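Examination of the molecular architecture
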Amino acid sequence: MPSAIALESVWKRYGSRTIIHDLSFTVEKGEIVGFLGPNGAGKTTTMRMIAGFTTATSGRVTVAGYDMATQNAEAARQIGYLPERPPLYDTLDVSAYLRFVARVKGVPRPAIPTELERVTTACGLEAVFRREIYKLSKGYRQRVGLAQALLGKPAMLLLDEPTIGLDPGQIQETREVIRSFGEVHAVLLSTHILSEVTLICRRVAIINHGRLLAIDSPSGLQRAVEQTNRVALQVTAPAQALREELLSVDGVRALEVRSAPGDDSVLSVECLVDARDDVEAAIARAVANRWDLHRLERHQPTLENIFLHYVSEAPPAKGAA
Amino acid sequence: MSGMLAICQKELSTYFRSPIAYFVVAVFMVGTGYFFTYNIFLTGIATMAETFLNMGILLLLVIPAVSMRLFSGEYGAGTMELLLTLPLKPWQVVLGKYLGAVAILLLMTAATLIDLVPLYLFGSPETTTILSGYIGFVLLGMACLAVGQFFSALTQNQIVAALLTVSVLLGFWFVHNLQSFQTSYALRGLVRYLSFSLHFGAFIQGLVRSEAVMLYLVVCAIALILNASYLQWRR
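Residues numbered from 1 in each chain as written. Chains lettered and ligands numbered in written order. Predicted model: local features only at pLDDT ≥ 70, side-chain atom pairs only at ≥ 80, totals over all residues. Heavy atoms only, no water.

Time to look at the environment of A:Leu88. Checked against the element boundaries, A:Leu88 lands in the loop between strand E6 (79-82) and helix H3 (94-104). Once the C-alpha coordinates of A:Leu88 and A:Pro110 are considered, the two residues, 22 residues apart in sequence, prove to be 24 Å apart. Beyond its immediate stretch of four places on either side in the chain, A:Leu88 contacts A:Tyr97, A:Ile133, A:Arg141, A:Val144, A:Gly145, B:Ala77 and B:Thr79. (Helix = DSSP H or I, 4+ residues; strand = E, 2+ residues; numbered from the N terminus. Contact = heavy atoms within 4.5 Å.)

This next bit is on the sheet that holds strand E5 (residues 66-67) of chain A. All names here are of chain A. The 4 strands lie next to each other as E2-E1-E4-E5, forming an open sheet whose pairing is antiparallel. Each edge of the open sheet carries a strand with a single partner, namely strand E2 (17-27) and E5. Note that strand E1 (residues 5-14) and E2 share 7 bridges and pair antiparallel. Across the sheet, the residue bridging to Leu-7 is Phe-25, located in E2. (Pairing = 2+ DSSP bridges.)

Counting residues in hydrophobic clusters, the biggest one holds 119 residues, and the most contacted among them are A:Tyr97, A:Leu98, A:Phe100, A:Ile206, B:Phe71 and B:Phe196. Among the elements that line this core, the one with the most residues is helix H8 (residues 127-154) of chain B, at 15 residues. In this structure, B:Phe196 is in contact with B:Leu140, B:Ala143, B:Cys144, B:Leu169, B:Phe172, B:Trp173, B:Leu215, B:Tyr216 and B:Val219, ignoring residues within four places of it in sequence. Core analysis: the next-biggest nonpolar cluster, separate from the first, contains 28 residues, A:Leu7, A:Met47, A:Ala51 and A:Leu158 among them. (Core = buried A, V, L, I, M, F, W, Y, C linked by side-chain atoms within 4.5 Å. Buried < 20%, exposed > 50% of the residue type's maximum accessible area, 1.4 Å probe, protein only.)

A few words now on a nonpolar patch on the surface. Residue and element names in this part refer to chain B. On the surface, a nonpolar cluster with roughly 570 Å² of combined accessible area is contributed by Met-29, Ile-114, Val-117, Leu-121 and Phe-122. The element that contributes the greatest number of residues to the nonpolar patch is helix H7 (residues 116-122), accounting for 3 residues. Residue position: Val-117 is located in helix H7. With relative accessibility at 48%, the residue Val-117 sits in the partly exposed group. (Patch = residues over 30% accessible without salt bridge, like charges linked within 9 Å, V, L, I, M, F, W, Y side chains within 5 Å. Areas by Shrake-Rupley, 256 points an atom, 1.4 Å probe, with all protein chains shown as cover. Salt bridge = Lys/Arg side-chain N within 4 Å of Asp/Glu carboxyl O.)

All names here are of chain A. Of all 5 residues in strand E3 (residues 32-36), 5 are buried; the element is thus mostly enclosed. Burial along E3 is two-sided: the face carrying Ile-32, Gly-34 and Leu-36 and the face carrying Val-33 and Phe-35 are both buried. In the sheet, E3 pairs with strand E8 (residues 186-190) via 4 bridges, with the strands oriented parallel. From the neighbouring strand, Val-33 faces E8, where its bridge partner is Leu-188. One ladder, built from 4 bridges, connects E3 with strand E9 (residues 203-208); its direction is parallel. Along E9, the bridge assignment pairs Leu-36 with Ile-206.

Let us now look at the sheet that holds strand E10 (residues 211-216) of chain A. Residue and element names in this part refer to chain A. The 6 strands are arranged E6-E7-E8-E3-E9-E10 in an open sheet whose pairing can be described as mixed. The open sheet has two free edges, formed respectively by E6 and E10, since each of these has just one partner strand. Neighbouring strand axes in the sheet, compared pairwise and without regard to direction, differ in orientation by 15 degrees on average. Across the sheet, helix H1 (residues 43-51) touches E3, E6, strand E7 (156-160), E8 and E9, and the angle it forms with E7 is around 150 degrees. (Axes fitted to C-alpha atoms, helices over the stretch in contact; angles between N-to-C directions.)

Residue and element names in this part refer to chain B. Two numbers describe how helix H4 (residues 69-77) lies on H8: the axes approach to 6 Å, and their chain directions differ by 20 degrees. Comparing their axes, H8 and H4 come out roughly parallel. You can see that H4 and H8 cross each other, and the crossing is right-handed. Counted together, Arg-69, Leu-70, Phe-71, Ser-72 and Tyr-75 of H4 and Gln-149, Ser-152 and Ala-153 of H8 form the full contact between these two elements. (Parallel < 35°, antiparallel > 145°, perpendicular 65-115°, else oblique. Left-handed = near helix turned anticlockwise from the far one by under 90°.)

In this section: the interface of chain B and chain A. With 27 residues of chain B in contact, the opposing surface of chain A contributes 29 residues. By the criterion of area lost to chain A, the three top residues of chain B are B:Glu81, B:Pro87 and B:Arg235, representing 29% of everything that side buries. At the boundary of chain B with chain A, the tally comes to 2 salt bridges. Between A:Arg48 and B:Glu81 there is a salt bridge, with its nearest N and O atoms 3.0 Å apart. Our count for the chain B to chain A interface comes out at 7 residue pairs in polar contact (both at pLDDT 80 or more). Residue composition of the side of chain B that touches chain A, grouped by class: 11 nonpolar, 10 polar and 6 charged. (Buried area = accessible area lost by both parts, 1.4 Å probe. Polar contact = N/O pair within 3.5 Å; in protein donor to acceptor, adjacent residues only side chain to side chain. Nonpolar A, V, L, I, M, F, W, Y, C, P; charged D, E, K, R; others polar.)

Okay, the packing of aromatic side chains next. Within the structure shown, the criterion is met by 14 aromatic pairs over all chains. Between B:Phe16 and B:Tyr22, the aromatic rings sit 5.6 Å apart at their centres with planes inclined by 75 degrees, giving edge-to-face as the arrangement. Residue class for B:Phe16 comes out partly exposed when judged on its relative accessible area of 33%. Ring geometry for B:Phe196 and B:Tyr216: centres 5.4 Å apart, planes at 70 degrees, overall edge-to-face. Of this pair, B:Phe196 sits in helix H11 (residues 196-204) while B:Tyr216 is found in helix H12 (residues 210-234), placing the two residues 20 residues apart along the sequence. Clustering of aromatic rings is evident, with ring pairs tying together B:Phe172, B:Phe196, B:Phe203 and B:Tyr216. Seen from the ring of A:Phe100, B:Lys10 lies directly overhead, with NZ or CZ sitting 5.8 Å from the centre. The positively charged end of B:Arg69 is found above the aromatic ring belonging to B:Tyr15, 4.6 Å away from the centroid. (Phe/Tyr/Trp six-rings, centres within 6.5 Å; stacked < 30°, edge-to-face > 60°. Lys NZ or Arg CZ within 6 Å of the ring centre and 35° of its normal.)

Structure below.
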């Protein structure tokens, strides 16, 4: 089965400026991929190439197996696209706007009311259904844009900063809509909000200066960025025995033992461990078998650290914007 | 097909939800009414000929107001990104919009029919001449709209689109005046053939000539094809 979205060594040039350099990645059905990058990194251009608004200078973009260059209209039926700026007709009311998009997307006329009701409910637009779009607040405009993308049950969603301008409650609701859509369909989500990526994305693609720097699960990226993590624990145990026990655990490289502040009987330990998922479990088993373990936590690099790591590392490409 | 009709319907609702449609039709009615009354009282002859000629010139100035927003407005609102990523071919977008604009033209034309009431009440005008005048008027309007829509696709700025359209349409209207500067017979023939006003004049006289119909239709076709090709090229 073809990938929902596939880019194969895609380049985009405007005159002598190269915006996208040899970009390749895929998004599969049933996953949400976060698309991260600083301003001007090429996220929007990439989104536009997948959506068919612009064409790649070279390389291949396919959507559900349809080549964007030759089978644009077939591919467009598979895509729900929310551009960076919601594409709304200010003079129309929300219902007329959504009806227009539904008709163009080929929703059969008798099915349009049900379809409008579905997206209106999903995006919380009941209260403004008959209101002219120019009267709507930024948050509602964003949600009308999302509703438009969901119309016609597309096979995938391309969302360019979907939660921008929303209040915290709306952000949560919108994420829930995206998450439930992403359980069965494919979603490519460009955003600046790193916590959003950690919350809902299975994989993250980091792009800068038009080049793909990394694509992996958030935990995969964490491992790639830092070879070691820190594990902190508090235990009631004799210091020497504890030190020996911990050093014998596979994956623990070094440690430091101190008395916990305010309680001499409790030891506070900081271990430097391999960046593997199973190390803290092994530590917990080793300690809890013999002594009282009060607390254990692993300090992983945050997505912010990872993002900065990649973005600050990449040299600006020659000729890039 | 349904996508194209949806675009056409969207254009019409946009025209009627903003003041443009009412404004354009009202201005055109007032203008035509004024010329009609003036001509009738001046000549005392039950004919639409003079009025049609005035309507033609008025049309050149009103059409840009209808056509300027067709694409420029979409660029400005960021909705071009929607239109070109929906399952639509560029020609469907172009034709859908064009049909919407032509509907406004037909409405404008229909509004002038009111002038015929006193003409038929108090005189006995030649129906076939009036009919051919209206055919010429609609064809002229369709050609002007296609040109206007093409220029609207070239720029984000509606004013620029309107000014470009007026300039080009005035060029087509007066191009036959260049014939006195031409020594070559072929060039004289060409500038005469390209003149919107000469052909329109024939319609007003009651002549529906195939070369005149062809010119208007060919201008429509070229402008619309250029329009769709430009959208495709912009990708």
